[in-house]
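Listed below, chain by chain, are the residues.
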Amino acid sequence: MGGDGLRPAEQGAQPWQLIDALTRSNISSETMAQMERAVFASAARYPSTPPQQLLPHLLELSGRLQTALTNTQSLRTLRRCTQLTGIVAGLAGNLFLDLGDPLQAEGYFEVGRAAGREAEDDALAAWVLTTQSIGPFYTGDLTQAVEL
């Protein structure tokens, strides 16, 4: 018993329980590193890979990221997953524009902007907006391109 007459279970969580809760993750750091490499490799391949070939790979990555985001993660892992989701969404948005599907593209760009806000990553949010502005620029909608 503690000096205040409470048993340990009545005093709240034990330190090991708190540290476990803080660092719990259902995705290993090695897996995260592999996913980051895959996302960055996809970004590098974007200019030279047909959309029909790259999009399935990105959508598969987005599914794994969604699973990671919906499970318990450490804050660091959650932030990394959120940032990767933003990058994948921005790339997918561009691919959907390339495929002539602006509605799908807008949905993915919205995800990318939300990921930038959630991760508190201004550079990511700016990248998604810049990436999104390419579509209106090429279709001649300069007002929307500038707004983005």
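Our subject is the structure listed above.
Quick notes on the rules
Residues numbered from 1 in each chain as written. Predicted model: local features only at pLDDT ≥ 70, side-chain atom pairs only at ≥ 80, totals over all residues. Heavy atoms only, no water. Helix = DSSP H or I, 4+ residues; strand = E, 2+ residues; numbered from the N terminus. Rg over C-alpha atoms; globule rule 2.2 N^0.38 Å. Buried < 20%, exposed > 50% of the residue type's maximum accessible area, 1.4 Å probe, protein only. Contact = heavy atoms within 4.5 Å. Salt bridge = Lys/Arg side-chain N within 4 Å of Asp/Glu carboxyl O. Patch = residues over 30% accessible without salt bridge, like charges linked within 9 Å, V, L, I, M, F, W, Y side chains within 5 Å. Areas by Shrake-Rupley, 256 points an atom, 1.4 Å probe, with all protein chains shown as cover. Phe/Tyr/Trp six-rings, centres within 6.5 Å; stacked < 30°, edge-to-face > 60°. Polar contact = N/O pair within 3.5 Å; in protein donor to acceptor, adjacent residues only side chain to side chain. Expected span 1.5 Å × (residues − 1). Axes fitted to C-alpha atoms, helices over the stretch in contact; angles between N-to-C directions. Parallel < 35°, antiparallel > 145°, perpendicular 65-115°, else oblique. Left-handed = near helix turned anticlockwise from the far one by under 90°. Nonpolar A, V, L, I, M, F, W, Y, C, P; charged D, E, K, R; others polar.

Can you break down the overall build of the protein residue by residue, with the values?
For the protein, the count of helices and strands is 7 helices and 0 strands. Counting from the amino terminus, the protein carries its helices and strands in the arrangement α-α-α-α-α-α-α. Radius of gyration (C-alpha) of the protein: 20 Å, far over the 15 Å computed for a compact globule of 148 residues. Overall, the C-alpha framework of the protein stretches about 75 × 30 × 20 Å when taken along its three principal axes. A burial count over the protein gives 34% of its 148 residues as buried. Taking all contacts inside the protein whose residues are at least 6 apart in sequence as the whole, residues at least 24 apart take part in 58%.

Tell me about the pattern of salt bridges, and please be specific about residues and values.
Under the criterion given, the structure shown has 2 salt bridges. As a salt-bridge pair, Arg-80 and Glu-36 come within 2.9 Å of each other at their nearest N and O atoms. One end of the pair, Arg-80, is in helix α4 (residues 75-98); the other, Glu-36, is in helix α2 (residues 29-45), with 44 residues separating them in the sequence. Exposure class is identical for Arg-80 and Glu-36. Each is buried. Here Arg-113 and Glu-106 are joined by a salt bridge, their closest N and O atoms 3.2 Å apart. Residue class for Glu-106 comes out partly exposed when judged on its relative accessible area of 31%.

Requested: an account of a nonpolar patch on the surface, with residues and values cited.
A contiguous nonpolar patch, built from Ile-134, Phe-137, Tyr-138 and Leu-142 and spanning about 470 Å² of accessible area, is present on the exposed surface. Secondary-structure assignment places Leu-142 in helix α7 (residues 142-147). Note on Leu-142: relative accessible area 48%, which makes it partly exposed.

So what's going on with the packing of aromatic side chains? Residues and values would help.
One pass over the structure, following the stated rule, counts 1 aromatic pair. On the numbers, 5.4 Å between centres and 15° between planes, the contact of Phe-96 with Tyr-108 is stacked. Here Tyr-108 lies in helix α5 (residues 102-118) and Phe-96 lies in helix α4, a separation of 12 residues in the sequence. By relative accessible area, Phe-96 is classed as buried at 9%.

Any details on the side chain of Thr-49? Residues and values, ideally.
The topology assignment puts Thr-49 in the loop between α2 and α3 (51-70). Here the side chain of Thr-49 touches Arg-45 through a polar contact of 2.8 Å, landing on its backbone oxygen.

Tell me about helix α6 (residues 122-138), and please be specific about residues and values.
Taking 1.5 Å as the rise per residue, α6 with 17 residues should run 24 Å; its terminal C-alpha atoms sit 25 Å apart, in good agreement. When α6 is considered as a whole, its buried residues turn out to be Leu-124, Ala-125, Val-128, Thr-131, Gln-132, Ser-133, Gly-135 and Pro-136. N-cap assignment for α6: the residue whose side-chain oxygen lies 3.2 Å from the backbone N of Ala-123 is Asp-121. Where α6 ends, the next residue or the one after it, Gly-140, has phi of about 90°, a positive value.

So, the packing of α5 against α6: which residues are in play, and what are the values?
The contact between α5 and α6 brings their axes to 7 Å, and the two run at 160°. Of the possible angle classes, the one that applies to α5 and α6 is roughly antiparallel. Crossing of α5 against α6: the hand is left-handed. For the pair α5 and α6, contact is made by Glu-106, Phe-109, Gly-112, Arg-113, Ala-115 and Gly-116 and by Leu-124, Ala-125, Val-128, Leu-129, Thr-131 and Gln-132, respectively. Taken together, the residues of the contact of α5 with α6 sort by class into 6 nonpolar, 4 polar and 2 charged.

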